[in-house]
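Commentary on secondary and tertiary structure
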Amino acid sequence: MSERRPPKHPPAAATTARIPPESGLEAQPHRISRLPLSVLAPALHRDRQDAPKRQIAARLGDWVEVEQVQPDAVLRAQAQRCMGCGVPFCHDGCPLGNDIPDWNALVARDGWQGAAERLHATNNFPEFTGKTCPAPCEDACVRAITDDPVTIRQVERALAERAWSEGWVQPLVAEQRTGRSVAIVGSGPAGLAAAQQLARAGHDVAVYERDARIGGLLRYGIPDFKLDKVDIDRRVRQLAAEGVRFFTNVEIGRELTLSQLRETHDAVLLATGSQRQRRLDVPGADLIGVVPALDFLRHANRLVSGELPTDAASIEQSALHAAGKRVVVLGGGDTGADCVGTALRQQARSVQNFHYKPAPPSARTAEMPWPWWPMILRESSSHEEGGERDWSLVTRGFEGQDGVLTAMRVERVVWQVDQDGRRVMAAVPDTLQTLPVELALVAVGFSGVEGLSDDPATPTIDAAGRFVADEHSYATDTLGVWACGDARRGASLVVWAIREGREAAAAIHGVLRSRDGAARPS
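Thresholds, definitions, all that
- Residues numbered from 1 in each chain as written.
- Predicted model: local features only at pLDDT ≥ 70, side-chain atom pairs only at ≥ 80, totals over all residues.
- Heavy atoms only, no water.
- Pairing = 2+ DSSP bridges.
- Helix = DSSP H or I, 4+ residues; strand = E, 2+ residues; numbered from the N terminus.
- Axes fitted to C-alpha atoms, helices over the stretch in contact; angles between N-to-C directions.
- Buried < 20%, exposed > 50% of the residue type's maximum accessible area, 1.4 Å probe, protein only.
- Expected span 1.5 Å × (residues − 1).

The 5 strands lie next to each other as β3-β2-β1-β4-β14, forming an open sheet whose pairing is parallel. The open sheet has two edge strands, β3 (245–247) and β14 (481–483), and neither has a second partner. Strand-to-strand twist across the sheet, computed as the mean angle between neighbouring axes with direction ignored, equals 20°. By the bridge criterion, 5 bridges tie strand β1 (residues 181–185) to strand β2 (residues 204–208) in an arrangement that is parallel. Across the sheet, I184 pairs through a bridge with V207, a residue of β2.

The structure is reproduced here in structure tokens:
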């Protein structure tokens, strides 16, 4: 039987314990002086210059990353646009609290190595966030009040690439071992960040991954045209050199149980992500061809990586490939956009992207004041490449023949505010229509963690499908088990996953360091 206790705030040491050093690079201890007025003043009038993208015709023929790194001179000029604010709101906008003005000031002076050190001090994997993050820091940039924000994400990505190419990123092996062991379930950004922090603190870390390769949704949920998997591979090599052990094709709850992990490790961290996909409760949702978006993306990524055969016969017989099909993507988030870009590269006959909500405004409104994250219309690189977007369309059902999808019914809706101030939708009369479709990709969100439910050591899972864990200590109500990332907070951003992995690692380190005698739960 598992011993249970209510989550509580840990002692101060659990949350403030520093895991030195925080990266393979030495972080500078002093604050960076801001740019002199002679440099800053002209830069205040400089326009934002976004990173170039490859030509659409070229990128639709391969899986190479769309966005390109800017030349050093352009990056320096863009970094000079940073005003070095006395109160930098970008810190608050970034879940990791990156020292953005500091590394911008260093890049502006051509101090690339110092800037990379500053960046790695707060972010284990800046190339992941530099390529996949929607950059809430930029919407919180003070310049964004009246101007275009600083190109923070682009400078971050360039810094990460420069650090690797110059050989500044090196494994950092702990000088002393603690003799404590930690099992981490899941190898996404939260699990990998926690693994690196704990290994550098001297703990023995084992990461268990149910898939064939390490990376979680970074590897299987994000297309290569956004994140080249070489980035993951080199980080995995770095972690392995630092002492982290990886075990793939091991699903907790099948090959191993959570109870067994508790018996063989001093601590267990659940970083499984939130991969239970929401389904549509409409007629015909079980037809072949109505596919959860993540299943489609996982299949595509495995094809690109060579895990699956890519011969014409295999692709033609696959219900998860878009070639020659009329494709409809349901959902307006990043996952839906990734499905659009993937379907276009797989040479779909047509691609449509339907959203059940109305199109958001193109700029902030009074209800979205700075520096809050604004819910505005954003166009991804996938939407630039083709397909059609439509709004305020609700799926009413799917139709098929011999169990295979052939059409879907959609209806136009309008959104109104009721007497209680809530937004409600109402069908527009005479707008119900039937559309031919052979592949419907359902990207309407995630509803919690998968697996582990039959294990008696499984922590409490709330109504939203998340492990219940304290927001400061990350401890669950199962003794010796912590949870972080999407598994705890619900589906979110890569940057939030890295933050929670780092914080959970600090909490676990503090607890293990303070224990006397055997640390394994009885």
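Residues A267 and L269 line one face of strand β4 (residues 267–270) and the alternating positions V268 and L270 line the opposite face, and both faces are buried. Looking at chain direction, β1 and β4 are connected through 4 bridges and run parallel. Directly across from A183, in β4, lies its bridge partner V268. Here β4 runs beside β14; their pairing, made up of 3 bridges, is parallel. Note on β14: the bridge partner recorded for V268 is V481.

The subject of this paragraph is helix α10 (residues 152–165). With 14 residues, α10 ought to run about 20 Å at 1.5 Å a step, and its terminal C-alpha atoms sit 20 Å apart, in line with that. Of all 14 residues in α10, 11 are buried; the element is thus mostly enclosed. Within α10, burial applies to I152, R153, Q154, V155, E156, R157, A158, L159, A160, A163 and W164. Phi for G167, located one or two positions after α10, is positive at around 80°.

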